[in-house]
Amino acid sequence: MTQFLKLLCILLISIVAILGYNVTKLHAHGMQQHYHVAADGEDRGPCLSPLHPCRTIAYALMQATGQGDEIRVAGGTYQVDAATLNRMVTTLVVVQGGYTRADYFSIADAAANPTYLLGVPARFQAPLMAQGFRFVTEKGIEGGAAGVGASTGVGASTTNRPQRLRTAASCENGQAAGYACQGLDLLAQLPLDQLSSLPTTANDIWGHVDLNTGREYALMGLRNGTAIIDVTEPTVPREITTIPSINNLWRDIKTYQFYDAAADRWQAYAYVTSEAEGQGMQIIDLGQLPITATLAATYTGISRAHNLYLGEVNYQTGVATGAAPVYAYLFGSNLNNGAFRILDLTNPTLPLEVTAPPSGTQYVHDGTTMVITDTRTSACAAAHNPCTLFVDYNENSVDLWDVTDKGAPQQISSTPYIGAQYVHSGWWSADKRHLFVQDELDEYRMGMNTRLRVVDLSDLTAPIISVAWVGPTKAIDHNGFAKGNTYYMSNYERGLTVLDVSVPTAATAIAFFDTYPASDAAHFNGAWGVYPYLPSGNLLVSDIQGGLFVLREAAPPVPTPTPTATMTPTSTPTMTPSPTAEPTHTPTPTASPTPTFNPSTATVTASLTATLTPSATPTLLPTSTLTPTIAATALPTATAHPTPLPVIVVVPTARSYQIYLPAVSR
């Protein structure tokens, strides 16, 4: 019976192949294409039909540029050059050996269909073994499908990566350490081959500030896990640990931090999703940093999910913004065609599903939430005020939902737009009246330059979508985040793009850093994600091939003041603050103290730590460390500064409060 079913499967595939169709499957970015390579094939056409395979892997890689596409290589011997090897282990296209033309490339069996590569350096062999390849060297045949690295997918360095940490370099004359730039300095680059798990590619990124210590961390997704990297000293990032996971191209990460009164300290967890079947959602305990981090639990209510989002939290700290529970929103899971699901994180290591998708809900690729309290709440279900809006980026349209009542989500509107190719992700503006939207495939499919779209939310029942910005290259826009009136967008092969969105419908470019110097084309290489919310103001960028980049916004030119009559003092002004002018801080200890995060604090010119005793009304000590800038400068608003502003982080300890005022990155 088993043999009969196998023959029937081969027969059906044969019929499809004879009809000239390509076998595909649904994945996170649409229909996954299968390309075919055989030693007796011919490098002509698209390589899509198993009846007409290509002859070389290099040619097939030129045809397959979509995320998640797969190149199936039949048993045989193939010559590959350095550039082809590099793409085989770093591209988002999967290259797999061990197939045969006999069953029309339907089943991979590396033992039965040995697939040999000629002249492969040792550093490439581990990841390629896991992809079903063997190697022919001067010593003969080496490696195999079950060889080193086959179970973990752990890879080695590739030719386009630096072999060591890149240190700080200012952006001068449009260059920083060989990278094209404008307005952004390089603090460090940590390449993938410097990480303990030797991953072949990176994916998404998030940040974390430990409120017990004030230390900052990058949480970077890898093909084979999640790396936790200390970036407190941004010029020398240091890996703390990597939490292993099933190999997969996609990973998404968010953090939740809360005060544990019983332990008298802050606890924090990272939540990680992946499209790897059977992975579930990993929950990583960050409470042992800076020593280590560990896998605390795995949520198995789903087998896989493309993405997740945490609502009702401060994105700089991961702390809840109100008294309501923090919720995790899961997108693109294996259930209900990938429609959204909502989990209650009251118990952070034991999430509880509170919202299953309503009947007929579509696949959701990404999403965000925001709470509104203005007159637009009249459009919400039962006129909820406050109203929690869920923005659903579902490939074809931008949909708005009222999820105030987690047990009864109600759709408010669904808005497509002309030219939509893949409505991928987005973020809301500071005033919550606009959304910025990334379409991941319009540049790739339509040959246009990068374009960021904006959604006018004046009327929630009828949003208006227009183009806010068109870039100078054809690089694909991927993910973006707003901070005040600045929008930070990972732009694949162009790296990081920074826009001024003070006029949301007419954004202007103010900075960029090209993390992928080889090209600015519409391909899936380069900058995958960006995290702009660290208290220090430093920016974290994950590059698929290049690893972690730590950047900072360059100091703007200092204008020469125009002398006026009032600016010509007749005597030397005294800038020493009087005792009554000293800033004071009166913390109110409670069972669950909330840190102060105020982006509108005065400019600070250096890092400062002071100890406050909660038993009396304290003053900032020592006063000798205060600069005249603190006493003499009026408090600016958050929108008044084009560069990041410092935030005061009040951290309770056992007997005192520590105030961390990170230095402004200029």
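The rules behind each value
- Residues numbered from 1 in each chain as written.
- Predicted model: local features only at pLDDT ≥ 70, side-chain atom pairs only at ≥ 80, totals over all residues.
- Heavy atoms only, no water.
- Helix = DSSP H or I, 4+ residues; strand = E, 2+ residues; numbered from the N terminus.
- Buried < 20%, exposed > 50% of the residue type's maximum accessible area, 1.4 Å probe, protein only.
- Contact = heavy atoms within 4.5 Å.
- Areas by Shrake-Rupley, 256 points an atom, 1.4 Å probe, with all protein chains shown as cover.
- Disulfide = S-S within 2.5 Å.
- pLDDT = per-residue confidence, 0-100.
- Phe/Tyr/Trp six-rings, centres within 6.5 Å; stacked < 30°, edge-to-face > 60°.
- Pairing = 2+ DSSP bridges.
- Axes fitted to C-alpha atoms, helices over the stretch in contact; angles between N-to-C directions.
- Parallel < 35°, antiparallel > 145°, perpendicular 65-115°, else oblique.
- Left-handed = near helix turned anticlockwise from the far one by under 90°.

1. A word on the overall build of the protein chain
Then comes step 1: From N to C terminus, the protein chain includes six helices and 42 strands.
Then comes step 2: Expressed as a percentage of the 666 residues in the protein chain, the buried residues total 55%.
Then comes step 3: Across the protein chain, every contact between residues at least 6 apart in sequence was considered, and the portion connecting residues at least 24 apart equals 57%.
Then comes step 4: By element, 56% of the accessible surface of the protein chain is carried by carbon and sulfur atoms, the whole surface being about 26600 Å².

2. Section: helix H3 (residues 82–90)
Then comes step 1: Residues of H3 that are buried: Thr 84, Leu 85, Asn 86, Met 88, Val 89 and Thr 90.
Then comes step 2: On its buried side, H3 packs onto helix H2 (57–63), strand S6 (94–99), strand S7 (115–118) and helix H4 (122–130).

3. Considerations on the state of the cysteines
Then comes step 1: Considering all chains together, one arrives at three disulfides under this definition.
Then comes step 2: The disulfide bridge from Cys 47 ends at Cys 54, spanning 1.5 Å between sulfur atoms. Around the S-S axis, the bridge from Cys 47 to Cys 54 shows a dihedral of about -105 degrees and counts as left-handed. With respect to burial, Cys 47 and Cys 54 carry one shared label: buried.

4. Section: the confidence of the model for the protein chain
In low-pLDDT regions, the fine details of the predicted coordinates are not to be read closely.
Then comes step 1: With 74% of its residues at a pLDDT of 70 or more, the protein chain shows a mean pLDDT of 81.
Then comes step 2: In the predicted structure, residues 16–26 sits below a pLDDT of 50 and forms 21 contacts with residues beyond four places in sequence or in another chain.
Then comes step 3: Residue range residues 565–592 is modelled with pLDDT below 50. Its contacts to residues more than four positions away, or to other chains, number 27 contacts.

5. Remarks on the packing of aromatic side chains
For any pair of aromatic rings, geometry is given as the distance between the ring centres together with the angle between the planes.
Then comes step 1: Per the stated rule, a full pass over the model turns up 24 aromatic pairs.
Then comes step 2: A centroid spacing of 5.4 Å and a plane angle of 65 degrees characterise the contact between Tyr 259 and Trp 266, whose relative ring orientation is edge-to-face.
Then comes step 3: Of the residues examined, Tyr 259 reaches a relative accessible area of 13% and is grouped as buried.
Then comes step 4: Relative to Tyr 487, the ring of Phe 436 has its centre 4.9 Å away and its plane inclined at 45 degrees; by these criteria the two rings are tilted.

6. Some details on the sheet that holds strand S30 (residues 434–439)
Then comes step 1: Ordered by their spatial adjacency, four strands build an open sheet running S29-S30-S31-S32, and the pairing between neighbours is antiparallel. A strand with exactly one partner marks an edge of an open sheet, and here the two such strands are strand S29 (423–428) and strand S32 (464–470). For this sheet the average axis-to-axis angle between neighbouring strands, irrespective of direction, equals 30 degrees.
Then comes step 2: The pairing of S30 with strand S31 (residues 451–456) spans five bridges and is classified as antiparallel. Counted as the bridge partner of Val 437 is Arg 453 from S31.

7. Considerations on unusual backbone geometry
Then comes step 1: Omega for the peptide link from Leu 289 to Pro 290 comes to 10 degrees, which places this bond in the cis form.
Then comes step 2: In this structure, Pro 290 sits in the loop between strand S19 (281–285) and strand S20 (294–299).
Then comes step 3: In the segment running from Asn 385 into Pro 386, the intervening peptide bond is cis, with an omega of 5 degrees.
Then comes step 4: Within the fold, Pro 386 resides in the loop between strand S25 (366–372) and strand S26 (387–393).
Then comes step 5: At Cys 47, a residue that is not glycine, the phi angle is positive and equals roughly 70 degrees.
Then comes step 6: Within the element layout of this structure, Cys 47 appears in the loop between strand S3 (34–37) and H2.
Then comes step 7: Positive phi outside glycine occurs at Phe 105, with the angle close to 60 degrees.
Then comes step 8: Looking at where Phe 105 falls in the secondary structure, it is placed in the loop between S6 and S7.
Then comes step 9: Note on Phe 105: relative accessible area 1%, which makes it buried.

8. Some remarks on the packing of H3 against H4
Then comes step 1: Closest axis-to-axis distance for the H3/H4 pair is 10 Å, and the angle between their directions is 45 degrees. By the angle class used here, H3 and H4 are oblique. Judged by the twist between their axes, the crossing of H3 over H4 is left-handed. Judged by residue contacts, Leu 85, Asn 86, Met 88 and Val 89 of H3 engage Phe 124, Pro 127 and Leu 128 from H4.

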